Amino acid sequence: MRGSLYAVAVQGDRAVCVSDAASSDEMADGTVMDGTVADLIAFVAATEREHATDAPRWVWWSAAEAATPLVHAGVHLRRCWDLTEAHRLLAGGFDTDAEQIWAVAAELDPAGRPAPVMGDLFDVRGTPDADAAVRSDGYLNPSSSGPDWCLENLPELARLALVVARRQEALLSRRPRGVSTATSESGAALLCVELGEQGLPVDRVALEELITAIAGPRPRDDQHAIQLRAARDDLVLRHTPGRGTTDLRNPAHVRDLLRSLGVQVEDTRAWHLEPYRDVHPAVAALLDWRKAERIATTYGWSWLDRFVGADDRLRGTWTACDGGAGRMTAGAGLHSLPTPLRPGVAADRDHILVRADLGQVEPRVLAVVSGDPDFAAATAEDDLYATVAAQLNLDRPAAKIAVLAAMYGQTSGPAADALRRMERTYPRALRYLKDAADRGERGEPVVTYGGRFVPGRAAADQLGRRAVGRFTRNAVVQGAAAEFFKAWALTVRDAVRPLGGRIVLCLHDELLVHAPAAYAQETARAVDDALQAAARRWSQGAPVRFVADTRVIHRWSEAKD
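Remember, predicted model here, so these are calculated numbers, not experimental data.

**Overview of the overall build of the chain**
When helices and strands are tallied, the chain shows 23 helices and 15 strands. Referenced to the eigenvectors of the C-alpha coordinate spread, the extents of the chain come out at roughly 80 × 65 × 60 Å. Considering the chain as a whole, with its 561 residues, one finds that 51% of them fall into the buried category. A separation threshold of at least 6 residues defines the contact pool for the chain, and within that pool the share at least 24 residues apart is 66%.

**Here's the deal with the packing of aromatic side chains**
Tallying each qualifying case throughout the model produces 10 aromatic pairs. Summarising the aromatic geometry, the rings of Phe484 and Trp538 are spaced 5.2 Å apart at their centres and angled 50 degrees between planes, so their arrangement reads as tilted. Of this pair, Phe484 sits in helix H22 (residues 465–496) while Trp538 sits in helix H23 (residues 520–539), and the two are 54 residues apart along the sequence. The buried category is assigned to Phe484, whose relative accessible area is 0%. Residue class for Trp538 comes out buried when judged on its relative accessible area of 10%. Both rings, one in Trp538 and one in Phe546, keep their centres 6.3 Å apart while their planes meet at 85 degrees; by these two values the pair is edge-to-face. Here the two residues Trp538 and Phe546 agree in accessibility, since each one is buried. Members of the aromatic cluster, connected to one another through ring pairs, are Tyr449, Phe484, Trp538 and Phe546. When the ring centre of Tyr449 is taken as reference, the NZ or CZ atom of Arg177 above it lies at 3.7 Å. The residue whose ring lies beneath Arg342 is Trp556, and the NZ or CZ to ring-centre distance is 3.8 Å.

**Thoughts on the sheet that holds strand S5 (residues 80–82)**
If you trace the five strands from one edge of the open sheet to the other, you get S3-S2-S1-S4-S5, paired in mixed fashion. Lying at the two open borders of the sheet, with one neighbouring strand each, are strand S3 (31–36) and S5. Taken pair by pair, the neighbouring strands of this sheet meet at an average axis angle of 20 degrees, ignoring direction. With three bridges connecting them, strand S4 (residues 57–60) and S5 associate as parallel partners.

**Side note on unusual backbone geometry**
Glycine aside, a negative phi is what most residues show, and trans is what most peptide bonds show. One non-glycine residue, Asp312, lies in positive phi territory at about 60 degrees. Relative to the helices and strands, Asp312 resides in the loop between helix H14 (301–307) and strand S7 (313–314). What makes Asp312 partly exposed here is its relative accessible area of 25%.

**Section: the nonpolar core**
A general trend in soluble globular proteins is that nonpolar side chains are found buried together. One finds Trp60, Trp488 and Phe546 to be the most contacted residues of the largest nonpolar core, which totals 122 residues. Of all the elements, H22 adds the most residues to this core, at 12 residues. Filtering out sequence-adjacent residues up to four positions away, Trp488 remains in contact with Ala356, Leu358, Asp509, Leu511, Val527, Ala530, Leu531 and Ala534. Counting 34 residues, the second largest nonpolar core, distinct from the first, contains Leu5, Trp149, Ala165 and Ala182.

**Points about the side chain of Asp372**
With respect to the secondary-structure elements, Asp372 resides in the loop between helix H15 (361–370) and helix H16 (373–378). Within the buried set, Asp372 has no salt-bridge partner at all; the shortest N-O distance to an opposite charge, 5.9 Å, is to Arg428. Within polar-contact distance, the side chain of Asp372 engages the backbone nitrogen of Asp374 at 3.0 Å. Setting aside chain neighbours within four positions, we find Asp372 in contact with Ala367, Tyr426, Pro427, Arg428 and Ala429.

**Section: the environment of Ala111**
Among the structural elements, Ala111 can be located in the loop between helix H5 (98–105) and helix H6 (147–152). Measuring from C-alpha to C-alpha, the distance between Ala111 and Gln100 comes to 8.5 Å, with 11 residues separating the pair along the chain.

**What to know about the environment of Val454**
The topology assignment puts Val454 in strand S12 (residues 453–454). Its relative accessible area of 2% is what places Val454 among the buried residues. Counting along the chain gives 19 residues from Val454 to Asp435, while the straight-line C-alpha distance between them is 14 Å. Excluding residues within four positions of it along the chain, Val454 makes contact with Gly324, Pro445, Val446, Thr448, Phe471 and Ala475.

Rules and cut-offs
- Residues numbered from 1 in each chain as written.
- Predicted model: local features only at pLDDT ≥ 70, side-chain atom pairs only at ≥ 80, totals over all residues.
- Heavy atoms only, no water.
- Helix = DSSP H or I, 4+ residues; strand = E, 2+ residues; numbered from the N terminus.
- Buried < 20%, exposed > 50% of the residue type's maximum accessible area, 1.4 Å probe, protein only.
- Contact = heavy atoms within 4.5 Å.
- Phe/Tyr/Trp six-rings, centres within 6.5 Å; stacked < 30°, edge-to-face > 60°.
- Lys NZ or Arg CZ within 6 Å of the ring centre and 35° of its normal.
- Pairing = 2+ DSSP bridges.
- Axes fitted to C-alpha atoms, helices over the stretch in contact; angles between N-to-C directions.
- Core = buried A, V, L, I, M, F, W, Y, C linked by side-chain atoms within 4.5 Å.
- Lys, Arg positive; Asp, Glu negative; His and termini not counted.
- Salt bridge = Lys/Arg side-chain N within 4 Å of Asp/Glu carboxyl O.
- Polar contact = N/O pair within 3.5 Å; in protein donor to acceptor, adjacent residues only side chain to side chain.

Quick look at the structure:
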């Protein structure tokens, strides 16, 4: 890792920073700051300024805990190492605690770590190392997760963080690109803190008008809410005289209602009902009701009041890794905002949004990770699926289905013939996917291109062999795509900052950047240039082309044709 390491630990209003200049496994004292959170903010800001050409790397157990006060104070951090995210790369999964992170970094069996102190009669007291940070058996003291212990031993906790960081670096260096991915994942965790702090800009008036038009006006009281609910239901039930007692929120009632209309379905999900939209007016009304009900109950007035602040920013909790293949996730509906509400996401006055959406990213990622030269050649065009269709002698829809079926494990049915053609035309890409599926079916783990460990045995026990084979087949592609997306996002973060731009949304393969209108075109170019720079570094110069649909807009809804 480039740059000096500075470990940060925060508990309440106390903050400590320890440098790696004197750090070792013997926990030599390297404390450079011990004071309040305000002292930490001043120290970090000054250190960033003093090391303009060789930025330090800030180490913490979790960005959500240590970086939040710094981001809130407006301190810009350039490099970091997040022990939690590095651990998730090493061990897989989502759940972590300090004792588990320490055990894995020390190459100890996490299952053998001591039980946490519960504060009851069964706690073991008076053992020789009961107060030591690291026990004689090498495990971290389970008391280290308690706030009182942390406050008293904060410098020690920071020094331990440096030890873990160096051990994690050594372990990840055994995996190609492992250390690089860890720095990117750490940066993504910091970006998550920034996203939660900045929020997504919204037009409150527009949102209120949209919610009113779809779900009804703001309820005056509980009785009014019941009346509005009944009015929404009536838009469906008026088409079915005599069935006014049907509960549209009860799947059994809805199936019975549909059977009376001649519509036989196993379940009432929207995509199963859509083909029957024109069979009877009640079906179309039911589908429209579903959308209105979702907004009324999930994205209605209570959602607006809870998550949109007085500064007209929509905020939710962000995480850098979902615990599976490593995608970023967000709360408050940020990753599932209904399309009808997107006109309410709008730039501030004298600002714009730059929206960039990666095109066909997972197939392009497959071309990189598999090293298939023929599939890589297909990425030269904007429309990869059209090129694949010509090479396979198929129409474009069939070629797209074949590519997606290969990555998601649908090896039979309509895609079977197209997949056989893919195997002949792109043997290395298909063999890479099959190898990942075979490992999953045997209960073995897979490792993504960036070095993320994806367990196989636990998933096999839960899903069954064939299902976990499909999971691992896709995980090596989806996980690598998530790693590439985060590398791109961090490159964009740095590129747009001098222009006053900030990332305000990361949605799977899509970025939204909020920037001054005066730098609209410069920001859009910076986003596109960042994509090519990130692709060169991440793919290590592989002959694979990545593309994005980049547009300057004012409202999110303007991004769609």
